[in-house]
Amino acid sequence: MAAGPTFEPIATATPSGVTTYTFSSITNAYTDLVLVGSVIMSASTVIRLRFNGSSGTYYTKYYLSDGTVSQNSSASMMELVNNDGSVFSNFYVDILDYKGTTYPTKTALCRSADQTNSWLNGGAWVSSNAINSIEIYTTNSATFSSPSRLTLYGIARA
Amino acid sequence: MAVTYTLIASYTVSGSSTSTFTFSSIPSSYDHLILNMSSRANYSGDYHLNNFVQVNSQSTVSNYTGRFGYNDTSNTNNFLVQSSSPTAIWIGTGNISTDFFSNNWSFIGNYNSSSAPSVRPYFGGSEPASNSLIIFGSARQGTAAAITSLTLKELSGNNYIAGSTFYLYGLKNS
């Protein structure tokens, strides 16, 4: 059986001067998603993610390389990485089974790095809805600067 | 269909061990780089963390910064914290010649940009003789320059031994 494409860009963006970017109308043609970002901001901020515009229940646990271990069972989003405007912060997020409606949990695994720390972050979004949009946003008025890049890839289990 | 995840180059240690090699002339035709390595070293102890990635042949180690956390069997509930500044940008996981290969993944975003340094996250694991560990870290390149070469080094007099493999991939946005 011929394998299908397994790592395809669904959409890419170079946000600048905005606090939020949303990948919307995400196709259901894949089994998993990968979100890749390399961003530099206008000021210090935390970069966050949420699905379908939902501020519902996210279970997250992350380790920082300063020794911090944080767990939040009632978060309204998932934190990805910090940025202070001096470096490119990079993040790579696996989003597994994004269409799953039988089991109401979508799992995200993030590996990222900023000017100070590395992050190892696991998150789960509890919803029976398929993910059809992903919002990446900041916690204050800091905006994306050029040449920040965000790309969403589709993974097909051939 | 767009090809977005492409092998740029690979290196396999065969025969004599080596302490260093370089991915040179990295093309600028991608948006990001991913480096995967599966390595062992001739280190005689349980494990060490002396793999080093040098950007653009820049050897002034004080220019590099980074920090990583790791745990092992004696610290199963905690991540140990180490700052790699100013000695090196660490990448390694345990390497011991009589045991398993250690595997490590790195993401180097926006590698063509010269407007700001890129901070590279990495993640790896190993199963040395009397231990097991995972490691995650960040490494900031020395200067804000487009990356055209990556040199991997085993420090402290150690070498990568035969069978160690290194793969450099290019990732496109479209």
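These numbers come from a predicted model, not from an experiment. (Residues numbered from 1 in each chain as written. Chains lettered and ligands numbered in written order. Predicted model: local features only at pLDDT ≥ 70, side-chain atom pairs only at ≥ 80, totals over all residues.)

Topic: the overall build of chain B
- Helix and strand content of chain B: zero helices and eleven strands.
- If you list the helices and strands of chain B from N to C, you get β-β-β-β-β-β-β-β-β-β-β.
- Looking at chain B residue by residue over its 174 residues, the buried ones come to 45%.
- Put simply, 79% of the contacts in chain B that link residues at least 6 apart link residues at least 24 apart. (Helix = DSSP H or I, 4+ residues; strand = E, 2+ residues; numbered from the N terminus. Buried ≥ 20, exposed ≤ 12 C-beta atoms within 10 Å, placed from the backbone. Contact = placed C-beta atoms within 7 Å.)

Re the overall build of chain A
- Of regular secondary structure, chain A possesses zero helices and twelve strands.
- Counted from the first residue to the last, chain A has its helices and strands arranged as β-β-β-β-β-β-β-β-β-β-β-β.
- Computed over its C-alpha atoms, the radius of gyration of chain A comes to 15 Å, within 12% of the 15 Å expected for a compact globule of 158 residues.
- Once the C-alpha set of chain A is aligned to its principal axes, its extents read approximately 45 × 35 × 25 Å.
- Every one of the 158 residues in chain A was classed for burial, and the buried ones make up 42%.
- In chain A, 77% of the contacts between residues at least 6 apart in sequence involve partners at least 24 apart. (Rg over C-alpha atoms; globule rule 2.2 N^0.38 Å.)

Comments concerning the confidence of the model for chain B
- Residues of chain B with pLDDT of at least 70 account for 78%, and the chain-wide mean is 81.
- Predicted complex, confidence summary: ipTM 0.86, pTM 0.90. (pLDDT = per-residue confidence, 0-100.)

A short note on the sheet that holds strand S2 (residues 20-23) of chain B
Residue and element names in this part refer to chain B.
- Spatially, three strands are ordered S2-S10-S4 in an open sheet, and the strand pairing comes out antiparallel. Strands at the two margins of the open sheet, each flanked by one partner only, are S2 and strand S4 (51-55). Each neighbouring strand pair of the sheet contributes to a mean axis angle of 20 degrees, computed without reference to strand direction. (Pairing = 2+ DSSP bridges. Axes fitted to C-alpha atoms, helices over the stretch in contact; angles between N-to-C directions.)

A look at the interface of chain B and chain A
- Taken together, the 30 residues of chain B in the interface contact 29 residues of chain A.
- The set of elements that each furnish at least two residues to the side of chain B that touches chain A consists of strand S5 (65-71), strand S8 (119-126) and strand S9 (133-140) of chain B.
- When the residues that make up the side of chain B that touches chain A are grouped by side-chain class, the tally is 14 nonpolar, twelve polar and four charged. (Nonpolar A, V, L, I, M, F, W, Y, C, P; charged D, E, K, R; others polar.)

Section: the environment of A:Ile40
- In this fold, A:Ile40 is placed in strand S3 (residues 32-41).
- A C-alpha to C-alpha distance of 6.2 Å links A:Ile40 and A:Phe144, two positions 104 residues apart in sequence.
- Not counting chain neighbours up to four residues away, the residues in contact with A:Ile40 comprise A:Asn83, A:Gly85, A:Val87, A:Phe88, A:Ser145, A:Ser148 and B:Ala116.

Remarks on the environment of A:Asn82
Residues and elements named next belong to chain A.
- On the secondary structure map, Asn-82 appears in strand S7 (residues 78-83).
- Along the primary structure Asn-82 and Asn-117 are separated by 35 residues, whereas in three dimensions their C-alpha atoms are 8.5 Å apart.
- In contact with Asn-82, other than residues within four places in its own chain, are Val-46, Ser-89 and Asp-114.

Side note on the environment of A:Thr27
All names here are of chain A.
- On the secondary structure map, Thr-27 appears in the loop between strand S2 (20-23) and S3.
- C-alpha of Thr-27 to C-alpha of Arg-48: the two residues are 21 residues apart in sequence and 22 Å apart in space.
- Apart from residues lying up to four places away in sequence, Thr-27 is in contact with Ile-10 and Gly-154.

With respect to the pairing of S3(A)
Residues and elements named next belong to chain A.
- For S3, the tally of buried residues reaches nine of ten residues, placing the bulk of the element in the interior.
- Sheet analysis places S3 next to strand S12 (residues 144-155), joined by nine bridges and oriented antiparallel. Note that in S12 the partner of Ile-40 across the bridge is Ser-145.
- Relative to strand S8 (residues 89-96), S3 runs antiparallel, the two being bridged by seven bridges. Across the sheet, residue Leu-35 finds its bridge partner in S8, namely Val-93.

Quick notes on the nonpolar core
Residues and elements named next belong to chain A.
- One finds Leu-33, Leu-35, Leu-80, Val-93 and Ile-134 to be the most contacted residues of the largest nonpolar core, which totals 68 residues.
- Sort the elements by how many residues they give to this core and S3 lands first, with seven residues.
- Aside from chain neighbours lying at most four places away, what touches Leu-33 is Ile-95, Tyr-98, Leu-152, Tyr-153, Gly-154 and Ile-155. (Core = buried A, V, L, I, M, F, W, Y, C linked by C-beta atoms within 7 Å.)

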